[in-house]
Amino acid sequence: MLDIIDAIHAAEKKQADTDAYTYSEEKRKLKERYEKELKDTRARELMYAEEAAILDKELKKEKMKAAAAVKELQEKTEQKLMDELQRKDEEASQQVEKVQELAKAELAAALAKEKASQIEQIAEADLNIDALCMAFYARSEEARQSHSVHKLALGTLALEEALSSGSPIRTEVDQLRKSLEGIDKDSLLELALSSLPEDVLKYGSDTRMELKQKFNSLKATIRHFGLIPSGGGGILTHAVAHVASNIKVEEDPSGDGVESLISRVEDLIVGGDLTAATEALTGGLQGTAAEEAAAEWVKQARKCAIAEQTLTLLHSYASSITFT
């Protein structure tokens, strides 16, 4: 009987050793597989990082190429215009010289005729010379204005590029003023350029995308303080406003509620009408504590609107004088 029990214990021990070995092998295999997967994952992460660095480098290289191409195009265009202006001046000078020689020949022949005929021919020659001189000056003025128009168009494109990136625009505005000197010194454009805020010239203005992002960040403040009078309120007023601002209630877009106001302003920003967006926001928040919180956004949006209106006027003016 004891032998049987010992045999059973021995079999159980053997089975336990076998199970422990099997468990150990499974554990080792799982560890090796997970370590391999971890290693593969780290290798993929390193590969993705290298690919991202390569793509970023290529993007910077393409941007530099594009900037160089724009600069080269501007230089070639200006040189071409200068060459064309010089050629027209030379042609006009040659034509004037030919006409003057012809007039001298006619005058010499007229001296052989009687006095009355001489006076008549001299007067006619003078008229011809005056007409040709006027034609010469007119052509020179036309060439000069054509050059100025091209410079205005290039300057307008440069201003548009600077505004789209939020960069300072003083250099572009100074170049546009120089272009206008050759077209119309007293035009409405000079007044429009003078209306640009000084800090926009020095530091640039927010782009539409930046204004939209800032407005998105401002919406929570508007929802909270838009329910509080401008004189402030007690703790209970702020608590009620906080709770109400966290409750989203669907409102009619044409209504007077805060959510309706936010919706209208967002639609106007997307539609590109920043002036109407600022008017809607200031009118909707008037008399509330949110009016002061939104004042800085309204200020920046109005600066951007002024700059965009000036750019639109420049585009329209450049198009009109090009076709005329």
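Anything mentioned here points back to the structure above.
Remember, predicted model here, so these are calculated numbers, not experimental data.

Thresholds applied
- Residue positions are given per chain, counted from 1 along the sequence in the order it is written.
- Local features in this predicted model are restricted to residues of pLDDT 70 or higher, and side-chain atom pairs are both shown and tallied only at a pLDDT of 80 or more, whereas totals for entire chains, interfaces and linings draw on every residue.
- Side-chain numbers here rest on the full set of heavy atoms in the structure, without hydrogens or water.
- Strands are runs of DSSP state E lasting at least 2 residues, helices are runs of H or I lasting at least 4, and numbering of each runs from the N terminus.
- Any residue under 20% of the maximum accessible area for its type is buried, any over 50% is exposed, and the rest in between are partly exposed; the area is computed with a 1.4 Å probe on protein chains only.
- Note on definitions: a residue-residue contact is assigned when non-hydrogen atoms from the two residues lie within 4.5 Å.
- Put simply, buried Ala, Val, Leu, Ile, Met, Phe, Trp, Tyr and Cys residues joined by side-chain atoms within 4.5 Å make one nonpolar core.
- For this analysis, a ring pair means two rings from Phe, Tyr or Trp (six-membered ring only for Trp) whose centres lie within 6.5 Å, classed as stacked if their planes differ by under 30 degrees, edge-to-face if by over 60, and tilted for the remaining angles.
- To obtain each axis, a line is fitted to C-alpha atoms, and for helices this fit is confined to the stretch in contact; angles are then taken between N-to-C directions over 0 to 180 degrees.
- By the definition adopted for this analysis, an angle is roughly parallel if under 35 degrees, roughly antiparallel if over 145, roughly perpendicular if from 65 to 115, and oblique otherwise.
- Take the far helix as the reference: if the near one is turned anticlockwise from it by less than a right angle, the crossing is left-handed, and if turned clockwise, right-handed.
- Nonpolar residues are Ala, Val, Leu, Ile, Met, Phe, Trp, Tyr, Cys and Pro. Charged residues are Asp, Glu, Lys and Arg, and all others, Gly as well, are polar.

## Describing the overall build of the protein chain
Here comes step 1: Counting its secondary structure elements, the protein chain contains 11 helices and zero strands.
Here comes step 2: Ordered by position from N to C terminus, the α and β elements of the protein chain give α-α-α-α-α-α-α-α-α-α-α.
Here comes step 3: Out of the 324 residues belonging to the protein chain, those deemed buried represent 26%.
Here comes step 4: Excluding contacts between residues fewer than 6 apart, the proportion of contacts in the protein chain whose partners are at least 24 apart in sequence is 68%.

## Side note on the nonpolar core
Here comes step 1: Judged by nonpolar contacts, the single largest core of 20 residues is most densely connected at Phe215, Ile222, Val265, Ile269, Leu281, Leu285 and Trp297.
Here comes step 2: Counting only elements with at least two residues in this core, the list comes to α6 (208-225), α8 (258-271), α9 (274-285) and α11 (295-323).
Here comes step 3: With residues near it in sequence (within four places) discarded, Leu281 still touches Phe215, Ile222, Leu261, Val265, Ala294, Trp297 and Val298.
Here comes step 4: Leu176, Val200, Ala307 and Leu311 belong to the second largest nonpolar core, which has 18 residues in total.

## Details of the packing of aromatic side chains
Here comes step 1: Taken as a whole, this structure holds one aromatic pair when the rule is applied.
Here comes step 2: Ring geometry for Phe215 versus Trp297: centroids 5.3 Å apart, planes at 50°, classification tilted. Residue Phe215 is located in helix α6, and its partner Trp297 is located in helix α11; the two are separated by 82 residues in the primary sequence.
Here comes step 3: Given a relative accessible area of 1%, Phe215 falls into the buried group.

## Section: the packing of α6 against α9
Here comes step 1: The geometry of α6 relative to α9 is characterised by a closest axis approach of 13 Å and an angle of 10° between their N-to-C directions. The orientation of α6 relative to α9 falls into the category roughly parallel. The two elements α6 and α9 meet at a crossing, and its hand is left-handed. Contact residues: α6 offers Arg208, Leu211, Phe215 and Ile222, while α9 offers Leu274, Leu281 and Leu285.
Here comes step 2: Considering only residue class, the contact of α6 with α9 consists of six nonpolar, no polar and one charged.

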